[in-house]
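Remarks on the overall topology
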Amino acid sequence: MSMKEKIAKKGDTQYQEFWDEFGEVLKEGPAEDFANKDRIAQLLRFSTTQLDDEKQTVSLADYVSRMKEGQDKIYYLIADTFTAGKNSPLLEVFRKKEIEVILMSDRVDEWLVGHLQEFDGKQLQSISQGEMDLGKLEDDKKTKEKQKKDEKEFADVVAVIKKALDTE
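From a predicted model like this one, the values you see are computed outputs, not experimental measurements.

Details of the packing of helix α1 (residues 2-10) against helix α2 (residues 13-26)
Where α1 meets α2, the axes come as close as 7 Å, and the angle between the chain directions of the two elements is 120°. Regarding the angle of α1 to α2, the classification is oblique. Each of Lys-4, Ile-7 and Ala-8 in α1 lies in contact with α2, whose residues at this interface are Gln-14, Tyr-15 and Phe-18. By residue class, the composition of the contact of α1 with α2 is four nonpolar, one polar and one charged.

Examining the nonpolar core
Counting 35 residues, the largest nonpolar core has Tyr-15, Leu-26, Leu-44, Ile-74, Tyr-75 and Ile-102 as its most contacted members. Mapped by element, the contributors of at least two residues to this core are α1, α2, α4 (37-43), α5 (60-65), β3 (73-78), β4 (102-104) and α8 (109-115).

A short note on the pairing of strand β6 (residues 122-126)
Relative to β6, β3 is paired through four bridges, and the arrangement is parallel. Each residue of the ladder has a partner; that of Ile-74, found in β6, is Leu-124. With two bridges joining them, strand β5 (residues 118-119) and β6 adopt antiparallel strand pairing. Looking at the pairing, Glu-118 lines up with Gln-123 of β6.

Some points on α2
Of all the bends in α2, the greatest, near 55°, is centred on Asp-20. Within α2, the full set of buried residues consists of Tyr-15, Gln-16, Phe-18, Trp-19, Gly-23 and Leu-26. Where the residues of α2 are buried, they touch α1, α3 (29-32), α4 and β1 (45-48).

Some words on the pairing of β3
In terms of strand pairing, β3 meets β4 through three bridges, oriented parallel. Bridge pairing in β4 links Leu-77 to Leu-103.

Some remarks on the sheet that holds β1
The strand order β2-β1-β4-β3-β6-β5 describes an open sheet built from six strands, whose pairing is mixed. Whereas interior strands pair on both sides, the edge strands pair on one side only; in this sheet they are β2 (58-59) and β5.

A word on the confidence of the model for the chain
Averaged over all residues, the pLDDT of the chain is 88; the fraction at 70 or higher stands at 89%. By mean pLDDT, the top-scoring element of the chain is β4 (97), and the lowest-scoring one is helix α9 (residues 140-153) (75).

Some details on the side chain of Lys-27
Locating Lys-27 in the fold gives a position in the loop between α2 and α3. By relative accessible area, which is 1% here, Lys-27 ends up buried. Ignoring any residue separated from it by four or fewer positions in sequence, one finds Lys-27 in contact with Trp-19, Leu-44, Arg-45, Phe-46, Gln-56, Asp-106, Val-108, Asp-109 and Leu-112.

Here we look at the pattern of salt bridges
In the structure shown here, the tally under the stated rule is five salt bridges. Between Asp-109 and Lys-27 there is a salt bridge, with its nearest N and O atoms 2.7 Å apart. One end of the pair, Asp-109, is in helix α8; the other, Lys-27, is in the loop between α2 and α3, and 82 residues separate them in sequence. The exposure classification of Asp-109 matches that of Lys-27, with both residues buried.

Criteria and thresholds
Residues numbered from 1 in each chain as written. Predicted model: local features only at pLDDT ≥ 70, side-chain atom pairs only at ≥ 80, totals over all residues. Heavy atoms only, no water. Axes fitted to C-alpha atoms, helices over the stretch in contact; angles between N-to-C directions. Helix = DSSP H or I, 4+ residues; strand = E, 2+ residues; numbered from the N terminus. Parallel < 35°, antiparallel > 145°, perpendicular 65-115°, else oblique. Contact = heavy atoms within 4.5 Å. Nonpolar A, V, L, I, M, F, W, Y, C, P; charged D, E, K, R; others polar. Core = buried A, V, L, I, M, F, W, Y, C linked by side-chain atoms within 4.5 Å. Buried < 20%, exposed > 50% of the residue type's maximum accessible area, 1.4 Å probe, protein only. Pairing = 2+ DSSP bridges. Bend = angle between axes of the 7 residues up to and from the residue. pLDDT = per-residue confidence, 0-100. Salt bridge = Lys/Arg side-chain N within 4 Å of Asp/Glu carboxyl O.

As structure tokens, then:
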């Protein structure tokens, strides 16, 4: 385990080759070796909407480091294939808000998330199950800019309506 952790930290192709060959087996680790669940979680790799590549290269630590300010969950989507996952309509709101989602398509992934419910204090959350409140992850700067633009664009209409309602 220590050897794999050292190789993974280097970030070179040697660990990626190991992952490509034995990744699905390693994904069984959190369920099979509960005592080392957190250490194994550090070694896991996934595809995400950030890279839009089927190759599983993103660690959970990488994902957490790129989380938006205020984001407290690790979002994932389980699909039959990578292509089905990346084209899922469930991703529309996440793309709009620029929130990265882990795309899982290995047969073992559903079992994995059943045993690995959190990483680094962040809960794993399926985007296809349960309610999600993404309102606090709104990009305030973009929202305010759009609001100001809309106010300017519709100022004449608002003035006419106010005049018609005699509320000025």
